[in-house]
Amino acid sequence: MKGNSYFSRKLHSLLGIIPLGGFIVVHGLTNYQAFERGPEGFAKGVETINSLPVLPLLEIFGIYLPLLFHGIYGLYVAYQSNSNTGRFQYGRNWAFTAQRVTGVITFVFVFWHVYQTRIQVYLGNITHEELGSTMNHIASSPLMFALYVIGVLAAVFHFSNGLWAFLISWGITIGPRAQRISSYICMGVFVIVSALFILSLVAFSGDEFKEAANAALTWTNIG
Amino acid sequence: MAETTTAKKTVKFIVSRQDTPDAKPYTQEFELPYRPNMNVISGLMEIQRNPVTADGSKTTPVCWESNCLEEVCGACSMVINGKPRQACSALVDQLEQPIRLEPMRTFPVVRDLVINRERMFNALKKVKAWIPIDGTYDLGPGPRMAETKRQWAYELSKCMTCGVCLESCPNVNDRNSFIGPAAISQVRLFNAHPTGEMNKEERLEALMTDGGIEGCGNSQNCVRSCPKGIPLTTSIAAMNKDTTKHLFKKWLGM
């Protein structure tokens, strides 16, 4: 890789939390409205996001570009590392390997997920209002549901464990005690954010969204 | 000679051998008579005296490096039963048998268990792990170091450049230019010194180049493996803090 790897690696670390970490939390909270408030709540959440000012700029500079840089540079970081969990079976060493494995899984999952949802909206195959029924369609298939659970867990682990590493890489948690406490907090983040996503997947696969999907289908048939 | 009826206690070694730097490694088994208080070095000395493998065929003596024999020089570092450590402090009575000896392959293998740790010394040069006081006239006494600081800095000074932390680090390999944990901890040591502190930016800037501190992936194997118990991950995080501060100060022109 050309240039000074210190700056690219620092940027990689920063982008992973700001904006990508923030994005994953907001995404989780928006989806969770599907569980808490049903199809209308989810539709409202989507609408709130769509009513943000300069949305295309936010999407490009807040999501797509950071995601591409973090993902592609991350693949290079993963390529540069060995896994020696066989010889050194320490929890943190497992987390080191898991960070790289989940990174690669997340990379594939995010591309596929964006293709199934956002790109379909861009292509005009579905509208923002139909995203709930698209998700119902995906989550109703047991195979897709399982793949989504794997993808979501990988992404959230990568974020939570990355948050722990971010705090070290920027010199915020220094001593072993600070790092241990932050690891408990990050584990808590993993559990909570994972729960948000998995509960919303459960909601998407439920009857409420099926009816909403059928209603939407009728609408398109009428239209 | 008449056969003795008592079974003699023996020690079994499985040694990874390599004839030249580019040759393919192979293993040989040795069975040595047990002596009380043996360590891996005395086992290797026994093989040197009588280089015969367990199946009775004569072979070349196994090559290894050692100096101090009291775990302060780091020369005899090797992988013993899967873990990198010093052979002198590896007591046979405390090891599971057969005892497997391998070189630390993170480094270029010269022969058998002998490795070339030059990259570690290059890393120390890169980060300027010394205190520049040479000049044309007497600079006089330097500032004193606070006792509280001296106590933790002394722990960092125990580093013997043995290479165990590099061997345990998953990011030190031939696809990665990471200098390894040892040199980063030395930056902390020399930057803590009241006279060394006067050149601290130079060392921080060396850490902020290719293969510097950003190579750490926080697997934290180093701190678990260090035979001297040096708080390597604390050193790395402290240097992360200092390099980050230095980065922003430089951007802001402070």
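None of the values given here were measured: they were computed from a predicted structure. (Residues numbered from 1 in each chain as written. Chains lettered and ligands numbered in written order. Predicted model: local features only at pLDDT ≥ 70, side-chain atom pairs only at ≥ 80, totals over all residues. Heavy atoms only, no water.)

### Observations regarding the interface of chain A and chain B
At step 1: Each partner contributes to the interface: chain A provides 30 residues, whereas chain B provides 37 residues.
At step 2: Regarding the contact of chain A and chain B, the summed buried area is about 2,900 Å², with carbon and sulfur atoms giving 50% of it.
At step 3: Of all residues in chain A, Tyr6(A), Arg87(A) and Tyr90(A) give up the largest surface area on contact with chain B, accounting jointly for 23% of the area buried on that side.
At step 4: Joining chain A to chain B, the criterion identifies one salt bridge. (Contact = heavy atoms within 4.5 Å. Buried area = accessible area lost by both parts, 1.4 Å probe. Salt bridge = Lys/Arg side-chain N within 4 Å of Asp/Glu carboxyl O.)

### What to know about the pattern of salt bridges
Close approach of charged atoms allows side chains of opposite charge to pair.
All names here are of chain B.
At step 1: Inspection of every chain in the model, using the stated rule, returns eleven salt bridges over all chains.
At step 2: Measuring nitrogen to oxygen at the nearest pair gives 3.0 Å for the salt bridge that ties Asp112 to Arg17. Here Asp112, found in the loop between β6 (109-111) and β7 (114-115), pairs with Arg17, found in strand β1 (residues 10-17); they are 95 residues apart in sequence, far enough to count as distant. Each member of the pair, Asp112 together with Arg17, is buried. (Helix = DSSP H or I, 4+ residues; strand = E, 2+ residues; numbered from the N terminus. Buried < 20%, exposed > 50% of the residue type's maximum accessible area, 1.4 Å probe, protein only.)

### Some remarks on the UniProt feature "transmembrane region" (unreviewed entry) in chain A
At step 1: Residues annotated by UniProt as "transmembrane region" (unreviewed entry) correspond here to residues 12-34, 54-76, 97-115, 145-172 and 184-204 of chain A.
At step 2: Regarding residues 54-76 of chain A, the helix share stands at 96% and the strand share at 0%, and the terminal C-alpha atoms are separated by 32 Å. (UniProt positions renumbered as here; feature names shortened; annotations may be inferred.)

### A short note on a nonpolar patch on the surface
All names here are of chain A.
At step 1: Residues Val26, Ile49, Leu52, Val54, Leu57, Leu58, Ile60, Phe61, Leu65, Leu68, Ile72 and Phe111 make up a contiguous nonpolar surface patch of roughly 1,100 Å² in combined accessible area.
At step 2: Elements with a minimum of two residues in the nonpolar patch: α2 (20-50) and α3 (55-79).
At step 3: For the nonpolar patch, the element with the highest residue contribution is α3, accounting for seven residues.
At step 4: Turning to its location among the elements, Ile72 is positioned in helix α3. (Patch = residues over 30% accessible without salt bridge, like charges linked within 9 Å, V, L, I, M, F, W, Y side chains within 5 Å. Areas by Shrake-Rupley, 256 points an atom, 1.4 Å probe, with all protein chains shown as cover.)

### With respect to the packing of aromatic side chains
At step 1: Scanning all chains against the criterion turns up 17 aromatic pairs over all chains.
At step 2: Judged by centre distance (5.7 Å) and plane angle (80 degrees), the rings of Phe248(B) and Trp251(B) are edge-to-face. With Phe248(B) and Trp251(B) both in helix α8 (residues 232-251), this residue pair falls three residues apart, about one helical turn.
At step 3: Looking at Trp251(B), the relative accessible area reads 59%, which means it is exposed.
At step 4: Through a chain of ring-to-ring contacts, the aromatic side chains of Phe69(A), Tyr73(A), Tyr76(A) and Tyr79(A) assemble into a single cluster.
At step 5: The side chain of Arg118(A) reaches across the aromatic face of Tyr122(A), ending 3.9 Å from its centre.
At step 6: Residue placement shows Lys9(B) over the ring face of Tyr34(B); its charged tip is 4.1 Å from the ring centre. (Phe/Tyr/Trp six-rings, centres within 6.5 Å; stacked < 30°, edge-to-face > 60°. Lys NZ or Arg CZ within 6 Å of the ring centre and 35° of its normal.)

### Remarks on a negative patch on the surface
Residue and element names in this part refer to chain A.
At step 1: On the surface, a cluster of negative charge is contributed by Glu40, Asp207, Glu208 and Glu211.
At step 2: Counting residues per element, the negative patch draws most heavily on helix α9 (residues 207-222), at three residues.
At step 3: If you trace the backbone, Glu211 turns up in helix α9. (Lys, Arg positive; Asp, Glu negative; His and termini not counted. Charge placed at Lys NZ, Arg CZ, Asp CG, Glu CD.)

### Remarks on the sheet that holds strand β4 (residues 83-86) of chain B
Residues and elements named next belong to chain B.
At step 1: Spatial ordering of the open sheet is given by β2-β1-β5-β3-β4, a layout of five strands whose pairing is mixed. Taken across any chain shown, the strands that pair with only one partner, and hence form the sheet edges, are β2 (26-33) and β4. Between one strand axis and the next, the sheet turns through 35 degrees on average, direction left out of account.
At step 2: One ladder, built from eight bridges, connects β1 with β2; its direction is antiparallel. Note that in β2 the partner of Arg17 across the bridge is Tyr26.
At step 3: Against the sheet, helix α1 (residues 40-49) makes contact with β1, β2, β3 (77-80) and β5 (99-102), and its axis sits at roughly 95 degrees relative to β2, the strand it touches most. (Pairing = 2+ DSSP bridges. Axes fitted to C-alpha atoms, helices over the stretch in contact; angles between N-to-C directions.)

### Focus on the UniProt feature "binding site: heme" (unreviewed entry) in chain A
Residue and element names in this part refer to chain A.
At step 1: In the numbering used here, UniProt assigns the feature "binding site: heme" (unreviewed entry) to His27, His70, His113 and His158.
At step 2: Mapped onto the fold, His113 is located in helix α4 (residues 91-116).
At step 3: Discounting residues that sit within four places of it in the chain, His113 has contacts with His27, Met135 and Tyr148.
At step 4: If you trace the backbone, His158 turns up in helix α7 (residues 142-169).
At step 5: For His158, the contacting residues outside a window of four places in its chain are His70, Gln99, Thr102, Gly103 and Thr106.
At step 6: Among the polar contacts made by the side chain of His158, one reaches the main-chain carbonyl oxygen of Gln99 at a distance of 2.9 Å. (Polar contact = N/O pair within 3.5 Å; in protein donor to acceptor, adjacent residues only side chain to side chain.)

### Comments concerning the side chain of Asp112(B)
Residue and element names in this part refer to chain B.
At step 1: For Asp112, a relative accessible area of 0% puts it in the buried group.
At step 2: Here Arg17 takes part through its side chain, which lies 3.0 Å from a polar atom of the side chain of Asp112.
At step 3: Within the structure, Asp112 has its side chain in polar contact with the backbone nitrogen of Cys63 (distance 2.9 Å).

### Some points on the environment of Ile133(B)
Residue and element names in this part refer to chain B.
At step 1: Structurally, Ile133 can be placed in the loop between α2 (118-126) and α3 (147-156).
At step 2: Among the residues examined, Ile133 registers a relative accessible area of 52% and is labelled exposed.
At step 3: Ile133 sits 62 residues away from Thr195 along the chain, and the two C-alpha atoms are 8.4 Å apart.
At step 4: Those residues in contact with Ile133, other than ones at most four positions away along the chain, are Leu139 and Thr195.

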